[in-house]
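# Analysis of the macromolecular model
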Amino acid sequence: MVNINDTVLLRKENLDMDKVRMGIIGVGNMGSGHAKSLVAGKVPEMELVAVADLNPARREWAKETLPESVAIYESGDELIDSGCCDAVLIAVPHYQHPTLAIRAFGKGLHVMCEKPAGVYTKQVREMNEAAAKTNVVFGMMFNQRTNHVYRKMHELVTGGEYGQIKRVNWIITDWYRTQAYYDSGNWRATWDGEGGGVLLNQCPHNLDLLQWICGLPVKVLAVTHNGKWHHIEVEDDVTAYMEFENGATGVFITSTGDAPGTNRFEIDLERAKIVCENDNLSVYELEENEREFCFTCKEGFKRPDGKYITVETDGQHTGHNGVLAAFAGKILHGTPLVAEGVEGIRGLTLSNAIHLSSWLGRAVEIPFDEDLFLAELNKRRATSRVKTGEEVHFDTEGTYGSKTE
């Protein structure tokens, strides 16, 4: 029996050191975009050698669109077992992410996982534990961490110069979707197929950024509305109140039914107010700590002095290709990833807590009872309707913006 770590070493010895041989599992909306980027050479140290999809129509698309040198498989398992790849990118319906990742780890393959890491934290925890037993590279496709605006917010908040967070507000309703979108796939917008709605599909990036920049809250009180704006069984409108360990509070609001929507991320700290709206960053810097000013100032209506300052960023937003380039760099040169795979559980923890709070009708503390969450999810899966109809593929190129897909 060959040790997994030995398999990784053998594969690396056979690897063209200028390229990582990548296989993509799932060539739907997201996977096809990644495939076209790799074929176009947008990730120089990565080569597309194989794709897999259960849908015959998507395999036909691959046959017609991709170079003849790209092998086409009927399933992710076949691709993983083929031995033709050094790494796989998993871009399939959410429940399958941990299952395929664990199988790939077992074959010594490096794994890049599309968001979300999975549907429920208990399953993702098993995936992380499996990854920890290997020497493979495991990354999450959190492409918004490459956005210069969010990177600067992370730097300003975690650097400590502006003191502790007092309040966090993010209204991200710029996710408008039509009924045609939800009707485009049998797995979409069902508890059994997708595991959730806007929280699981559109907002994993936002929830990841929120916890990456501000940390995870310790308590959540939320209301989710299922099928409020569309004919779907999962949530398309969410309002969540959050409490953080230091006493800071926050609100997270999202929807796929607002046109036009809003994207405003606001963080109040002891010595500054940081606002990101529509990819524009503003910082109002106080001359002194508001907490000290509050208890030393002798005037009842006076506010601490401050001013808007110019914040320099590098202007770079490398997106999906930047994440893949860093993934190749980690495999070939040991350079850092944009997001470690094990970090995927953090944003999902917040997503699960929001769902669970709404389902139970009460506040939920983090960490929460993962078995209780799974039991509640399975109740909804048991009554999930079976959708029929032809799957429709949408070209997502140019739709990412600051929100992503």
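The coordinates are above.
Here goes a summary of the coordinates provided. (Residues numbered from 1 in each chain as written. Predicted model: local features only at pLDDT ≥ 70, side-chain atom pairs only at ≥ 80, totals over all residues. Heavy atoms only, no water.)

Turning our eyes to something else, we now look at the packing of aromatic side chains. One pass over the full model with this rule turns up nine aromatic pairs. With a centroid separation of 4.0 Å and an interplanar angle of 5°, the aromatic rings of tryptophan 170 and phenylalanine 265 are classed as stacked. Of this pair, tryptophan 170 sits in strand S7 (residues 165-172) while phenylalanine 265 sits in strand S11 (residues 263-269), placing them 95 residues apart in sequence. For the pair shown, tryptophan 170 and phenylalanine 265 are each scored as buried. Plain terms: the ring middles of tryptophan 191 and tryptophan 359 are 5.7 Å apart, the flat faces sit at 75° to each other, and that makes the pair edge-to-face. Within this pair, whereas tryptophan 191 is found in the loop between helix H8 (179-182) and helix H9 (198-201), its partner tryptophan 359 is found in helix H13 (residues 344-360), the two being separated by 168 residues in sequence. The exposure class assigned to tryptophan 359 is buried, which follows from its relative accessible area of 15%. (Phe/Tyr/Trp six-rings, centres within 6.5 Å; stacked < 30°, edge-to-face > 60°. Helix = DSSP H or I, 4+ residues; strand = E, 2+ residues; numbered from the N terminus. Buried < 20%, exposed > 50% of the residue type's maximum accessible area, 1.4 Å probe, protein only.)

Moving on, we get to the environment of glycine 227. Position of glycine 227 relative to the elements: it lies in the loop between strand S8 (219-226) and strand S9 (235-243). A sequence separation of ten residues divides glycine 227 from aspartate 237, and the C-alpha atoms of the two residues are 8.1 Å apart. If we ignore the near neighbours within four places in the chain, the residues touching glycine 227 are Ile232, Val234 and Asp236. (Contact = heavy atoms within 4.5 Å.)

With that out of the way, let us pick up unusual backbone geometry. Here the amide bond leading from lysine 115 into proline 116 is cis, since omega sits at -10°, within 30 degrees of zero. Assignment of secondary structure puts proline 116 in the loop between strand S5 (110-113) and helix H6 (121-132). Geometrically, the link from alanine 259 to proline 260 is a cis peptide bond, its omega value of 0° lying close to zero. Although it is not a glycine, asparagine 278 adopts a positive phi angle of roughly 50°. According to the relative accessible area criterion, asparagine 278 is partly exposed, its value standing at 47%.

Let's shift gears to the packing of helix H2 (residues 29-39) against helix H12 (residues 319-333). Running from N to C, H2 and H12 cross one another at 70°; their axes reach a closest spacing of 11 Å. In terms of axis orientation, H2 runs roughly perpendicular to H12. Handedness of the crossing formed by H2 with H12: right-handed. Side by side, H2 and H12 meet where Met30, His34, Ser37 and Leu38 of the first sit next to His320, Asn321 and Leu324 of the second. (Axes fitted to C-alpha atoms, helices over the stretch in contact; angles between N-to-C directions. Parallel < 35°, antiparallel > 145°, perpendicular 65-115°, else oblique. Left-handed = near helix turned anticlockwise from the far one by under 90°.)

What links the strands of a sheet is backbone hydrogen bonding, and the strands pair in either a parallel or an antiparallel sense. A sheet is described by the order of its strands in space; here six strands give the open sequence S3-S2-S1-S4-S5-S6, paired in parallel fashion. For this open sheet the edge positions go to strand S3 (71-73) and strand S6 (138-140), each flanked by a neighbour on one side alone. Sheet twist, expressed as the average angle between the axes of neighbouring strands with direction ignored, equals 25°. Pairing between strand S4 (residues 87-90) and S5: four bridges, direction parallel. Following the sheet pairing, isoleucine 90 is matched in S5 by cysteine 113. (Pairing = 2+ DSSP bridges.)

What follows is about the sheet that holds S9. As summarised here, the arrangement of the nine strands in space is S14-S13-S12-S11-S7-S10-S9-S8-S15, forming an open sheet in which the pairing is mixed. Among the strands making up the open sheet, the edge pair consists of strand S14 (306-309) and strand S15 (364-365). By the bridge criterion, four bridges tie strand S13 (residues 280-286) to S14 in an arrangement that is antiparallel. Bridge pairing in S14 links leucine 286 to glycine 306. This element, helix H10 (residues 204-214), spans S7, S9, strand S10 (249-255) and S11 of the sheet and lies at about 165° to S7. Relative to the sheet, H13 contacts S8, S9 and S15, its axis offset from that of S8 by approximately 70°.

This next bit is on the nonpolar core. It is characteristic of soluble globular proteins that their nonpolar side chains tend to be buried jointly. Phe252 and Phe265 are the most contacted members of the largest nonpolar core, which totals 85 residues. The element contributing the most residues to this core is H13, with seven residues. Every residue in contact with phenylalanine 252, bar those within four places of it in the chain, is listed here: Trp170, Ile172, Leu199, Cys203, Asn206, Leu207, Leu210, Val238, Thr239, Ala240 and Met242. Of all hydrophobic cores here, the second largest spans 27 residues; its members include Val43, Val51, Trp61 and Met112. (Core = buried A, V, L, I, M, F, W, Y, C linked by side-chain atoms within 4.5 Å.)

Bringing the side chain of asparagine 143 into the picture now. Its place among the elements puts asparagine 143 in the loop between S6 and helix H7 (148-158). Among the polar contacts listed, one links the side chain of asparagine 143 to the side chain of histidine 205, at a separation of 3.3 Å. (Polar contact = N/O pair within 3.5 Å; in protein donor to acceptor, adjacent residues only side chain to side chain.)

Negative charge collects at one region of the surface, where Glu287, Glu288, Glu292 and Asp305 lie side by side. Residue position: glutamate 287 is located in the loop between S13 and helix H11 (290-296). (Patch = residues over 30% accessible without salt bridge, like charges linked within 9 Å, V, L, I, M, F, W, Y side chains within 5 Å. Areas by Shrake-Rupley, 256 points an atom, 1.4 Å probe, with all protein chains shown as cover. Salt bridge = Lys/Arg side-chain N within 4 Å of Asp/Glu carboxyl O. Lys, Arg positive; Asp, Glu negative; His and termini not counted. Charge placed at Lys NZ, Arg CZ, Asp CG, Glu CD.)

Contact geometry for helix H5 (residues 96-106) and H6: axes closest at 9 Å, N-to-C directions at 15°. Overall, the two elements H5 and H6 adopt an arrangement that is roughly parallel. Considering the relative orientation of H5 and H6, their crossing is left-handed. Two secondary-structure elements touch here, H5 through His97, Pro98, Thr99, Ala101, Ile102 and Phe105 and H6 through Gln123, Val124, Glu126, Met127, Ala130 and Ala131. For the contact of H5 with H6, the residue count by class is eight nonpolar, three polar and one charged. (Nonpolar A, V, L, I, M, F, W, Y, C, P; charged D, E, K, R; others polar.)

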